[in-house]
Amino acid sequence: RIIGLLQTDEKNIKGALSVVKNAKIRAVAEADSIREDLFVGLRDNIESSRRRKDPAVKEAQALIWPIFESIGLQVYRLGYVEQSGKLDALIDELDKPENQAHLTTLNVIDAYNELKEAQNDFDALTNEKQSADIENQYPSMDKARSMAVPHVNALLSAINILAETA
């Protein structure tokens, strides 16, 4: 019986591994890398605007920078889901008309629009990947591993009992 359970676990782990190797995973990782790079570039550009001489630019920077600070300056260090939530919140704030005007003053509106597009692309790819995962009906690697651990432990216990009684 334990061997049968372990064979099922092996199938689940192989299925989970095939999903990990999937091209959609690579596409999501690439989309994540792009949005992270665009976030860092926009953040750094806005942060450096505080050194500019133009009073309008300094004022715009002083109004936009606290939004970045409240969302987090290192969102790229977060996992996909939390990072997406933070970037969505940032986009909601920066989409407000007064903030759009400040981004224009800072001359970063194009970079902001690219970040917004990259975030939308990432979300679309993530949704496609989740749909593919559901269609494959394989558990995640964590789930497959957690399902296998008790079966491996049971097998080891059985081997220990046999060894002690032999």
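Please read these numbers as outputs of a predicted model, since none were measured by experiment.

*Asks:* What's the story with the pattern of salt bridges in this structure? I'm lost.
*Replies:* Evaluated as defined, the whole model comprises 6 salt bridges. One salt bridge connects Glu47 with Arg50, and the closest N-O pair in it is separated by 2.8 Å. Assessed through its relative accessible area of 43%, Arg50 is described here as partly exposed. Between Asp95 and Lys116 there is a salt bridge, with its nearest N and O atoms 2.9 Å apart. You can see Asp95 sitting in the loop between α4 (80-94) and α5 (97-105) and its partner Lys116 sitting in helix α6 (residues 109-136), a full 21 residues away along the chain. Beyond isolated ion pairs, a larger network of salt bridges with shared partners links Glu47, Arg50 and Arg51.

*Asks:* Please clarify how helix α3 (residues 55-71) should be interpreted in this entry.
*Replies:* Residue pairs three or four apart in sequence face the same way in an α-helix, which turns once every 3.6 residues. The end-to-end C-alpha separation of α3 is 25 Å, in line with the 24 Å expected for 17 residues at 1.5 Å each. Its side-chain oxygen at 2.9 Å from the backbone nitrogen of Ala56, Asp54 defines the N-terminal cap of α3. After α3 finishes, the residue Gly72 shows a positive phi value of roughly 125°.

Parameters and conventions
- Residues numbered from 1 in each chain as written.
- Predicted model: local features only at pLDDT ≥ 70, side-chain atom pairs only at ≥ 80, totals over all residues.
- Heavy atoms only, no water.
- Salt bridge = Lys/Arg side-chain N within 4 Å of Asp/Glu carboxyl O.
- Buried < 20%, exposed > 50% of the residue type's maximum accessible area, 1.4 Å probe, protein only.
- Helix = DSSP H or I, 4+ residues; strand = E, 2+ residues; numbered from the N terminus.
- Expected span 1.5 Å × (residues − 1).
- Polar contact = N/O pair within 3.5 Å; in protein donor to acceptor, adjacent residues only side chain to side chain.

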